[in-house]
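Notes for the structure review
Chain by chain, the residues:
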Amino acid sequence: VVFSGFRGALNQQLSKTARVVIISNGTVFALHGQSLLKEILPANLQVESLMIGDGEKYKSKNTVNSLYDHLFDLGIDRSDTIIAFGGGVVGDTAGYVAATYKRGVNLVQVPTTLLSMVDSSVGGKTGINHRLGKNLIGAFYHPGGVLIHPAWLTTLGRREMIEGLAEIIKAGFLSSAAMLRTASGLDPEYSQVNSQDYLRLIRSAITFKAGVVAGDPYDKGRRAILNFGHTFGHAIEKAEGYRRYHHGEAVLAGMVGALHLSQKQGGLSKALLGEYLEYLIPLISHLKPLKKEVGDYISPMAVDKKNKGGKRIFVLLKRIGRPEVRAVGSMASIKESVEFMIDFVNNRGKW
Ligand SMILES: NC(=O)c1ccc[n+]([C@@H]2O[C@H](COP(=O)([O-])OP(=O)(O)OC[C@H]3O[C@@H](n4cnc5c(N)ncnc54)[C@H](O)[C@@H]3O)[C@@H](O)[C@H]2O)c1
């Protein structure tokens, strides 16, 4: 991972490449394309650019097929480099194309949302959606490099910043109280004032994720801890609808349920539960109320892909830095935690 102030490593990587193909979308390219071309990339490169649609629905096989066609038309080969320039949608789609076009071409991830900087650009998961579900087609394919230029975050919307902060808070719960404290105290508006805090947080979150991924590159074991808050979160996304609740917002609310269940079933003390919930309050207050019935959040958990033998699998926290993946058999506890989560979110953290 290279931060924009230290571009030597990127230049070295690109020095071996004949051509680069930037894959992006119109929104990102209009805002920051010139900055990428003029301030970040070496001047002597031969650059092509391909735009895809903006939105989750473009993470699709149609987009991928059209990108393959353009790459063949341009005569791109394995000595060339694909640059994925955008948020997670662009990163996952362009990453999958880089993994599969001519059995793999060099890939550089240049993430432009907070979520893609701290989460999706690191870890090697690339892929697209299928009509049966999200991220069902894909490949593990690590980028040769990731370039992060936090100044691009100035144009990102508040909801998208909150989504990224939710993943940083998650990383804090899994690894570091200091990271958690800083993330919880930050204004979800990126500005000059808080840029150093953001820079530090981005570094810490990436370092944490890269460490977990290095120990379990193909997601067969320990990497599951990264799903802290996600079982409740996916249930919220399903129940509320993906538009009303974005993924990161649902994970933020989902961590309330996960912490409560950790106290019921995972050995988290009552005192620590109270302390940890405090960290979520500043961001929770930006969320929309949870409008559905308890059962509407519980039923999607039955089809969670982590479940084993009828038991629901959760990531529970004993304390900061001590997550465990556990099967929970007590439906009564799960129900209680869902009820708690609904009240906590709807009362803006009063409980
Ligand atoms: N591969 C992984 O490990 C992994 C991990 C987490 C999420 N994901 C995937 O990432 C996707 C979500 O990523 P996302 O949250 O970045 O969403 P996104 O890519 O849709 O970006 C959100 C919006 O912000 C715009 N945008 C991007 N950068 C901007 C900037 N600097 N200023 C203004 N607008 C900007 C985008 O055009 C888009 O409209 C999902 O498809 C999810 O499945 C993948």
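Look above for the structure.
In this report, we go over the structure that sits alongside the text. Sequence order as written defines residue numbering, which begins from 1 separately in each chain. Residue-level local features of this predicted model are given only where pLDDT is at least 70; pairs of side-chain atoms are given and counted only at 80 or more, and the full residue set underlies all totals for whole chains, interfaces and linings. Side-chain calculation: all heavy atoms of the structure are included, whereas hydrogens and water are not.

1. Quick look at the packing of aromatic side chains
- Side-chain rings of Phe, Tyr and Trp, where Trp is taken by its six-membered ring, are said to pair if the distance between their centres is within 6.5 Å; with planes under 30 degrees apart they count as stacked, over 60 as edge-to-face, and otherwise as tilted. This model, assessed by the stated rule, comprises 10 aromatic pairs.
- On the basis of an interplanar angle of 80° and a centroid distance of 5.4 Å, the ring pair of F340 and W351 is categorised as edge-to-face. In this pair, F340 is assigned in helix α13 (residues 331-346) and W351 in the segment after α13, connecting sequence segments 11 residues apart.
- Residue classification places W351 among the exposed positions, given a relative accessible area of 56%. The helix count covers DSSP runs of H or I at least four residues long, the strand count covers runs of E at least two residues long, and both are numbered beginning at the N terminus. Three labels apply to residues, based on accessible area from a 1.4 Å probe with only protein chains included: buried if under 20% of the type maximum, exposed if over 50%, partly exposed otherwise in between.

2. A short note on the layout of surface pockets
- Of the pockets and cavities examined, the second largest pocket occupies roughly 160 Å³.
- We place a 1 Å grid over just the protein atoms. Points where a 1.4 Å probe fits but has no way out form a cavity, open points with protein on both sides within 12 Å along at least 5 of 7 lines form a pocket, and any residue with an atom within 4 Å of a point lines it. Looking at the second largest pocket, the residues that line it are S60, K61, N62, I128, N129, H130, R131 and I137.
- Breaking the lining of the second largest pocket down by element, the ones donating at least two residues are α3 (61-74) and β6 (125-130).
- Examining the composition of the lining of the second largest pocket, we find that 3 residues originate from one element, β6, more than from any other.
- Class assignment of the residues belonging to the lining of the second largest pocket gives a composition of 2 nonpolar, 4 polar and 2 charged. Grid points are joined across faces, edges and corners, and a volume is the space filled by probe spheres set on the points. Residue type decides the class: Asp, Glu, Lys and Arg count as charged, Ala, Val, Leu, Ile, Met, Phe, Trp, Tyr, Cys and Pro as nonpolar, and the leftover types, Gly among them, as polar.

3. Overview of empty space enclosed by the protein
- By the definition in use, this model includes 1 cavity of 30 Å³ or more.
- Looking at the largest cavity, its volume works out to about 30 Å³.
- Elements represented by at least two residues in the lining of the largest cavity include exactly β9 (312-317) and β10 (323-328).
- Split into classes, the residues belonging to the lining of the largest cavity amount to 2 nonpolar, 1 polar and 3 charged.

4. Concerning the site of the ligand
- Proximity is defined per residue: any heavy atom of the residue falling within 4 Å of a molecule or strand makes that residue near it. In the vicinity of the ligand, 23 residues are found, and the nearest of them are E56, G88, T112, T113 and T155.
- In the model, a nitrogen atom of the ligand is placed 2.7 Å from a nitrogen or oxygen of the T112 side chain.
- Contacts described as polar in this section are N or O atom pairs within 3.5 Å, which, within protein, must combine one atom able to donate a hydrogen with one able to accept it, while residues neighboring in sequence count only if both atoms come from side chains. Within the side chain of T113, a nitrogen or oxygen atom sits 2.7 Å from an oxygen atom of the ligand.
- Here the ligand, which alone exposes 870 Å², has 84% of that area covered by the protein.
- Of all elements in the fold, only α2 (26-40), α4 (88-100) and α5 (114-120) reach the threshold of two or more residues within the shell around the ligand.
- When residues in the shell around the ligand are grouped by element, the largest group, 4 residues, is from α2.
- The class makeup of the residues in the shell around the ligand is 6 nonpolar, 10 polar and 7 charged. Surface exposure here means Shrake-Rupley accessible area, sampled with a 1.4 Å probe, where a residue is shielded only by the protein chains that are shown.

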